[in-house]
Structure formats: C-alpha cells, structure tokens
Amino acid sequence: MVNNDNLISDEGNEDIIKDDSKSDKTDGAQLVKDEDIGFKELYEQSLQTLQLGEIVTGKVVQINNDVVMVDVGWKTEGYIPARELRDEAGNIPVAVGDEIEILVDRRDPEGNLVLSRDKAAKIKIWDDVKIACEQNTPLKGLVKERVKGGLSVDIGILAFLPGSQVDIMPVRDLDKYVGKSMMFNVLKYDRKRNNVVLSRRAILEAERDEEKKKTLETMEEGKIVEGVIKNITDYGLFIDLGGIDGLLHVTDISWGRISRPSDNFNKGDKLKVKVLSFDKDKERVSLGLKQMTDNPWEMINEKYQVGAIVSGKVVNLMDYGVFVELEPGVEGLIHVSEMFWTREMKHPSKVLSVGQTIEAMILEVNQETKRISLGLKQTTSNPWETLKQKYPEGTIIHGIIRNITNFGIFVGVEDGIDGLVHVSDISWRHRVKHPSEIYKKGQEIEAVVLNIDIENEKFSLGIKQIEKNPWEEMSQKYAPGAVVTGKVTNIADFGIFVEIEEGIEGLVHISELNQKRVKSSSELFAVGDTVSAVVKNVDLKNRRIRLSVKDFEAGGEDHPENQYLNNKENISSNLSKALADVKIIDSDKR
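Keep in mind the model is a prediction, meaning the values are calculated, not measured.

**Details of the overall build of the chain**
And then number 1: Broken down by element type, the chain carries eight helices and 30 strands.
And then number 2: Across the 590 residues in the chain, those meeting the buried criterion constitute 36%.
And then number 3: Here the contacts in the chain between residues at least 6 apart in sequence split such that 58% fall between residues at least 24 apart.

So this is what it looks like as structure tokens:
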C-alpha cells in the first residue's frame with residue numbers, strides 16, 4: 001500500500017523542490033545584480049578618488065591621430081588631445097607604456113574623462129616657481145624675445161627679466177641674449193595675475209663672490225694670470241681676473257709708446273698678464289703686459305748706433321713728424337725737419353702712410369728717456385753740399401722774391417731752396433724798417449751769395465754787397481774835427497739824426513746839441529732843419545758817425561773848417577791838402 005501522506009509529502013516536496021529551483025534562479029539573478037552593483041560602485045569609487053583638477057601619473061595605453069588614451073588607475077582611462085603632445089615637427093614623442101603626468105581636467109558630454117598635459121605642466125611650473133622663490137633656488141629658462149624694459153623668458157610659462165637684472169654690469173645690447181638658455185632666480189610672483197619676475201644678476205653675483213674668493217686665495221705677485229678685458233680707458237685697461245678686477249696701466253702695456261689703448265685692444269678680449277703688485281685687504285691688483293717680455297731698451301745703445309741705417313714700419317703720423325716702429329716696443333721719431341732736405345712739409349701724411357715700411361738713419365739714441373731720433377733725408381745725398389760748390393761766396397744770382405717778412409726777403413734760388421736777404425743786408429745807405437717798403441712778392445731781383453751753411457741749411461744773400469761799401473771811405477772822408485752840414489731827418493729823445501750825404505746819417509747826442517743843458521731835442525730843432533756840426537767819431541764796424549753841434553757853435557759861425565768841408569764834398573784826404581788847410585787857417589788868424 002502507498003502511503004498517501006508520503007505522496008502528499010512528496011508532492012509537497014516537489015512543490016518545494018520546484019519552489020527551490022525558482023528560488024535558485026532568483027538568487028542567481030540577485031547575485032549578478034549584486035555583482036553589477038559592486039563593479040559600478042568600485043568604478044564610481046575609482047572615479048571619486050580622481051578629483052577634477054588633480055595631477056596624477058598615468059600610463060599611455062593607446063595612441064591615435066586625435067587623442068592619446070591614458071590609464072589613470074583603477075582601470076580608468078581618459079584621453080589627452082593629441083595636439084597637446086605634438087612637437088614642432090608634428091610628431092608625438094611618447095609611446096605606449098610611457099608614464100606621463102597629466103591633469104584630470106573634466107568630463108566631456110559623453111561622460112569620458114578629459115586629461116591635459118599642458119595644464120599639468122603649468123600647475124607644476126607654478127609649484128616650482130613657488131619653491132624657487134621661497135628657497136632661493138634657480139630655474140632654467142630660455143630667453144624668447146626683447147620686450148620693453150627687459151627680456152621675456154620661457155620657464156614653462158612666460159616670465160619677465162628686467163634689464164637691470166640681466167647682468168652685474170649695465171647691458172646696452174639686450175638682443176644678444178635672445179635664444180640663450182640660462183639659470184634665473186625668482187624675485188617675486190603673482191599666480192592670479194600670471195606674473196613672474198626673474199633675476200640673473202643675483203646668480204652672477206653669487207658666482208662672482210665664489211670666484212673672487214678662489215682668486216684672492218691664489219693671487220700673488222709675479223704670477224702670470226689670464227683675464228678678460230672688462231673696460232678700456234685712456235689711462236689703461238681693467239681686466240676681470242675672476243671676481244676681481246686688475247688695472248693694466250697704459251705705461252705697463254708696452255715698452256714702446258701707447259697713446260690710446262682702445263686702438264690696440266677690445267672689450268671681451270682675453271689677455272695674459274703679470275701681477276706686479278697685490279693688496280689683498282684693498283683688493284687692488286696692478287698688472288703688466290710689457291713685463292712678459294724682456295726690456296728692449298736695456299741693450300738699445302748696442303743695437304742701434306748713431307749713423308746706422310735701419311728699417312721700420314710707420315705706426316703714427318703727427319703734425320710734427322712720423323713715428324716708426326723698429327721692433328715691438330721700440331719706436332723712433334722722424335721729425336718733420338728731418339724728412340726732406342729742401343721740400344716744404346705741410347703734413348707727413350702727404351708723403352707717408354701708416355703701415356708703410358721705410359728706411360731711416362739713427363740720429364740720436366737716449367736710453368734714459370727711451371727716445372730714438374731718426375732721419376729720412378739722411379738716406380739720400382745732401383743737396384746743400386752740391387749747392388755750396390755750385391754757388392761760391394760772391395756769386396751774383398737772379399731770383400724771384402717768394403716771401404717778404406719783417407726781418408728780410410726770401411729769394412728762390414732753386415726748386416725747394418730759398419736764400420734769405422736779411423733786412424740789414426738790403427742797403428748801405430738807407431735804414432729799412434720793413435722790406436715791403438722797397439720790394440714786392442714775385443719781383444725779380446739780383447743778389448750776391450754771402451754764405452751757405454750746410455749744417456743749418458741756410459742760404460744767405462745780400463743786395464747791398466753788390467756795390468762798394470761807402471762806409472769804407474767814411475774814416476777818410478769825415479775825419480774827427482771836420483765840419484759837416486746836413487738836414488735833420490729824425491728827432492729822438494736822445495738826440496737828432498742829420499743826413500750828411502745820401503743814405504749817410506750822423507747822430508748828434510742830446511748832450512752835444514747846445515752849450516746849455518737841453519731837456520728835449522725838439523726844443524732846438526725840427527725835422528728838415530739844416531744843421532752844421534763837427535765830426536767827433538766814425539765807427540766803421542757799427543756804421544755810426546757821432547756829431548757835435550755844441551763844438552761847432554763853440555768855434556763860431558764863421559768856423560774856418562766850414563769853408564772847405566761839407567756833406568757834399570769828396571775829400572781824398574792826402575797830406576798836401578791837409579797842410580794847405582792849415583796854412584789857410586793860419587793866414588786868416590793873422
């Protein structure tokens with residue numbers, strides 16, 4: 001027999017079984033549902049850990065033309081616009097698997113995560129700027145362009161470098177820094193205004209202080225050092241030796257003559273010099289360049305002897321002459337008067353040029369003053385020697401007056417050679433105050449050669465010497481005691497001048513004018529008055545005749561001498577004539 005209860009039970013169990021199978025299906029669906037909810041929660045949680053504006057490190061998982069996919073963690077991917085990663089050539093310099101820093105920027109309308117490398121870099125730069133400013137650490141930057149007041153520098157963001165902060169010394173040409181990468185300090189920044197101010201000067205000053213410290217430790221007299229010319233003045237060069245400046249005085253540049261250092265050196269040139277003196281406390285260094293070589297003037301007398309012909313290079317042209325370099329540090333001067341025998345020299349540059357090699361004669365060497373006198377004309381024959389042979393003394397020449405001065409006239413003898421007729425050699429009889437009273441420039445005259453001085457290059461001429469000297473007869477013609485008559489030609493404080501024949505004057509001193517004392521010559525005489533006087537003395541050497549009116553008046557107006565001698569008579573002065581005069585005087589007295 002079948003137990004119905006059991007059947008019922010079984011049926012019930014079947015329902016239960018059926019219900020259990022249904023329950024299993026429900027539980028499975030619920031499990032899947034729960035798993036879905038857990039994944040979403042996890043995804044949401046992963047997204048919640050990534051906050052917008054946060055900088056994270058991600059791994060490149062895919063590269064496309066437009067975007068680059070990056071895994072930012074928790075299997076969460078975002079994309080970066082490819083344009084942010086392309087270089088100047090248009091290439092994307094990253095590969096799958098590379099880790100890069102990016103900024104979680106935003107979600108696009110489709111809910112995708114948008115990343116930005118540029119924004120991440122800028123945020124990181126501002127962090128670096130903050131740290132650099134607070135800790136005084138340098139940043140590297142590239143000078144992009146010159147702007148008003150300074151330079152624009154790319155340090156990841158554009159920053160401003162004032163002109164005063166570019167270098168330790170003032171800089172005139174800022175353009176030379178464009179395109180250069182250098183280190184900078186951050187003076188100040190303002191993130192809200194996107195403003196950063198840099199300084200290069202502070203870094204250079206720190207470097208210079210450190211360099212200066214090392215230089216001072218190793219500096220000593222006699223040491224050979226290398227430096228850079230920092231500044232050039234008329235009195236010397238300032239040389240940067242490494243944090244400290246030394247002075248190379250103009251007198252220590254060369255053994256020779258240096259007029260302007262700027263003619264021989266340029267700023268920025270490197271130069272090896274010798275330390276002459278060093279004061280560590282005052283940080284003063286005196287330098288020498290010529291001391292790097294032996295002093296050529298120590299053996300100058302043995303090397304350059306007077307009369308020797310030497311070769312040299314023209315290094316300077318002045319109004320007064322030419323400087324010739326005989327060797328480095330040794331120069332000689334050719335004075336303008338030693339350039340040509342006869343040629344008039346307005347300026348040496350008319351015949352010579354800098355750099356030209358010439359030959360000259362050593363005229364003088366002075367070791368103490370470091371001077372050598374040279375002669376150019378001495379390398380050619382002296383035309384004055386030929387001239388002396390060609391024109392012996394007494395030769396009559398014809399020439400054109402080239403110039404007239406108050407002391408004489410210059411007469412052209414040959415090309416480049418003039419003879420001088422001194423004012424005292426123009427006339428025997430006439431007192432010439434100025435040659436222009438008688439002669440004119442360009443006038444042809446006749447003169448006699450008096451002397452040719454080869455050593456002093458002087459050609460002396462005379463005009464009055466063409467005729468006989470009338471003064472040679474004066475001692476015979478106007479013996480002391482003779483009476484003469486003539487006209488007053490000039491009145492002076494000390495006496496009067498009386499012309500006793502054409503061109504011949506005698507002086508009546510004021511003390512010989514009258515028996516009484518006379519204060520002024522003009523009290524008794526005027527120019528043009530006829531005066532008789534007695535000859536007191538004839539000075540042939542100085543061509544002077546002294547007369548006395550006082551002595552004439554003492555003998556009376558009918559003085560016998562006046563009957564046989566006056567200013568127009570020519571007396572041959574023989575003994576018979578003198579005796580005849582004595583007889584006449586004696587008979588008159590009887």
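**Details of the sheet that holds strand β11 (residues 224-233)**
And then number 1: Read once around its circumference, the closed barrel built from five strands follows the order β11-β12-β13-β15-β14, with strand pairing classed as mixed. The sheet shows a mean angle of 50° between the axes of neighbouring strands, direction not considered.
And then number 2: Bridge analysis of strand β12 (residues 236-240) against strand β13 (residues 245-249) gives five bridges, and the strand direction is antiparallel. When the sheet's bridge partners are listed, Ile 239 is paired in β13 with Gly 246.

**Structural notes on unusual backbone geometry**
And then number 1: Despite not being glycine, Asn 194 shows a phi value in the positive range, around 55°.
And then number 2: Mapped onto the elements of the fold, Asn 194 is located in the loop between β9 (181-190) and β10 (195-199).

**What about the confidence of the model for the chain?**
And then number 1: Of the residues in the chain, 85% have a pLDDT of 70 or more, and the chain-wide mean is 80.
And then number 2: For the chain, helix α8 (residues 575-589) is the element with the lowest average pLDDT, namely 38, and strand β19 (residues 357-366) is the one with the highest, namely 94.
And then number 3: The low-confidence segment residues 28-37 (pLDDT under 50) makes zero contacts with residues lying over four places distant or belonging to another chain.

**What to know about the packing of aromatic side chains**
And then number 1: One pass over the structure, following the stated rule, counts six aromatic pairs.
And then number 2: Summarising the aromatic geometry, the rings of Phe 494 and Phe 497 are spaced 6.1 Å apart at their centres and angled 90° between planes, so their arrangement reads as edge-to-face.
And then number 3: Exposure remark for Phe 494: the relative accessible area of 41% places this residue in the partly exposed category.
And then number 4: Directly above the aromatic system of Tyr 177 lies the positively charged group of Lys 180, at a separation of 5.8 Å from the ring centroid.

**Observations regarding helix α3 (residues 201-218)**
And then number 1: Taking 1.5 Å per residue as the helical rise, α3 with its 18 residues ought to reach 26 Å, and the 25 Å between its terminal C-alpha atoms agrees with that figure.
And then number 2: The complete set of buried residues in α3 reads Ile 203, Leu 204, Arg 208, Thr 215 and Leu 216.

**Things to note about the pattern of salt bridges**
And then number 1: A complete count under the given rule lists 17 salt bridges for this structure.
And then number 2: Across the salt bridge formed by Lys 124 and Asp 128, the nearest N and O atoms sit 3.7 Å from each other. Highlighted residues: Lys 124 and Asp 128, both in helix α2 (residues 117-135), separated by four residues, approximately one helical turn.
And then number 3: For Lys 124, a relative accessible area of 38% corresponds to the partly exposed category.
And then number 4: The partner of Asp 175 in a salt bridge is Arg 146, with the nearest N and O atoms 3.7 Å apart.

**Some thoughts on α2**
Two residues of an α-helix separated by three or four positions point the same way, owing to the 3.6 residues in each turn.
And then number 1: Taking 1.5 Å per residue as the helical rise, α2 with its 19 residues ought to reach 27 Å, and the 26 Å between its terminal C-alpha atoms agrees with that figure.
And then number 2: Along α2, the positions that sit buried rather than exposed are Ala 120, Ile 125, Trp 126, Val 129 and Ala 132.
And then number 3: Two residues or fewer after α2 comes Asn 136, characterised by a positive phi angle close to 55°.

**Examining the side chain of His 347**
And then number 1: Along the chain, His 347 turns up in the loop between β18 (330-335) and β19.
And then number 2: Within the structure, the side chain of His 347 is placed 2.9 Å from the side chain of Asp 319, a separation counted as a polar contact.
And then number 3: Apart from the residues lying within four places of it in its own chain, the contact partners of His 347 are Leu 317, Met 318 and Asp 319.

**Observations concerning the sheet that holds β19**
And then number 1: Taken in spatial order, the five strands line up as β16-β17-β18-β20-β19 and close into a barrel, and their pairing is mixed. On average, each strand axis in the sheet is tilted by 50° relative to the strand beside it, whichever way the strands run.
And then number 2: Direction of pairing for strand β16 (residues 309-318) relative to β19: antiparallel, over a ladder of five bridges. Across the sheet, residue Lys 313 finds its bridge partner in β19, namely Thr 357.

**Topic: the pairing of strand β30 (residues 544-548)**
And then number 1: With two bridges connecting them, strand β28 (residues 504-509) and β30 associate as parallel partners. The residue of β30 that forms the bridge with Leu 507 is Arg 546.
And then number 2: Linking strand β29 (residues 530-539) to β30, which pair antiparallel, is a turn of four residues; within it Arg 543 sits at a positive phi near 55°.

**Observations concerning the pairing of strand β7 (residues 150-154)**
And then number 1: Burial analysis of β7 places four of its five residues in the buried class, which makes it a mostly covered element.
And then number 2: Summarising the sheet, strand β6 (residues 139-147) and β7 pair through five bridges and their orientation is antiparallel. By the bridge assignment for β7, Val 143 is matched with Val 153.
And then number 3: Between β6 and β7, which follow one another and run antiparallel, lie two residues, and Gly 149 among them has a positive phi close to 85°.
And then number 4: With five bridges joining them, β7 and strand β8 (residues 158-162) adopt antiparallel strand pairing. In the sheet register, Ser 152 faces β8, and the bridge partner there is Phe 160.
And then number 5: Where β7 folds back onto β8 in an antiparallel hairpin, the turn is made up of three residues, including Gly 156, whose phi is positive at roughly 110°.

**Some details on the environment of Lys 388**
And then number 1: Position of Lys 388 relative to the elements: it lies in helix α5 (residues 383-390).
And then number 2: Residue classification places Lys 388 among the partly exposed positions, given a relative accessible area of 36%.
And then number 3: Taking the C-alpha atoms as reference, Lys 388 lies 8.5 Å from Asn 451; in sequence the two are 63 residues apart.
And then number 4: Leave out the neighbours within four places in its chain, and Lys 388 touches Asn 451, Ile 452 and Ile 454.
And then number 5: Of the polar contacts made by the side chain of Lys 388, one reaches the backbone oxygen of Ile 452; its length is 3.2 Å.

**A closer look at the environment of Asp 154**
And then number 1: Its location among the elements puts Asp 154 in strand β7.
And then number 2: Classification of Asp 154 as partly exposed rests on a relative accessible area of 29%.
And then number 3: Taking the C-alpha atoms as reference points, Asp 154 and Ser 181, separated by 27 residues in sequence, lie 9.3 Å from one another.
And then number 4: With residues near it in sequence (within four places) discarded, Asp 154 still touches Lys 140, Gly 141, Leu 142 and Lys 144.
And then number 5: Polar side-chain contacts of Asp 154 include one of 2.8 Å to the backbone nitrogen of Gly 156.

**Side note on the environment of Gly 528**
And then number 1: Note on placement: Gly 528 falls in the loop between β28 and β29.
And then number 2: Taking the relative accessible area as the measure of exposure, Gly 528 reaches 40% and is therefore partly exposed.
And then number 3: The sequence separation of Gly 528 and Glu 499 amounts to 29 residues, and the corresponding C-alpha distance is 9.9 Å.
And then number 4: Excluding residues that lie within four positions of it along the chain, Gly 528 makes contacts with Lys 487 and Val 488.

Conventions used here
- Residues numbered from 1 in each chain as written.
- Predicted model: local features only at pLDDT ≥ 70, side-chain atom pairs only at ≥ 80, totals over all residues.
- Heavy atoms only, no water.
- Helix = DSSP H or I, 4+ residues; strand = E, 2+ residues; numbered from the N terminus.
- Buried < 20%, exposed > 50% of the residue type's maximum accessible area, 1.4 Å probe, protein only.
- Contact = heavy atoms within 4.5 Å.
- Pairing = 2+ DSSP bridges.
- Axes fitted to C-alpha atoms, helices over the stretch in contact; angles between N-to-C directions.
- pLDDT = per-residue confidence, 0-100.
- Phe/Tyr/Trp six-rings, centres within 6.5 Å; stacked < 30°, edge-to-face > 60°.
- Lys NZ or Arg CZ within 6 Å of the ring centre and 35° of its normal.
- Expected span 1.5 Å × (residues − 1).
- Salt bridge = Lys/Arg side-chain N within 4 Å of Asp/Glu carboxyl O.
- Polar contact = N/O pair within 3.5 Å; in protein donor to acceptor, adjacent residues only side chain to side chain.

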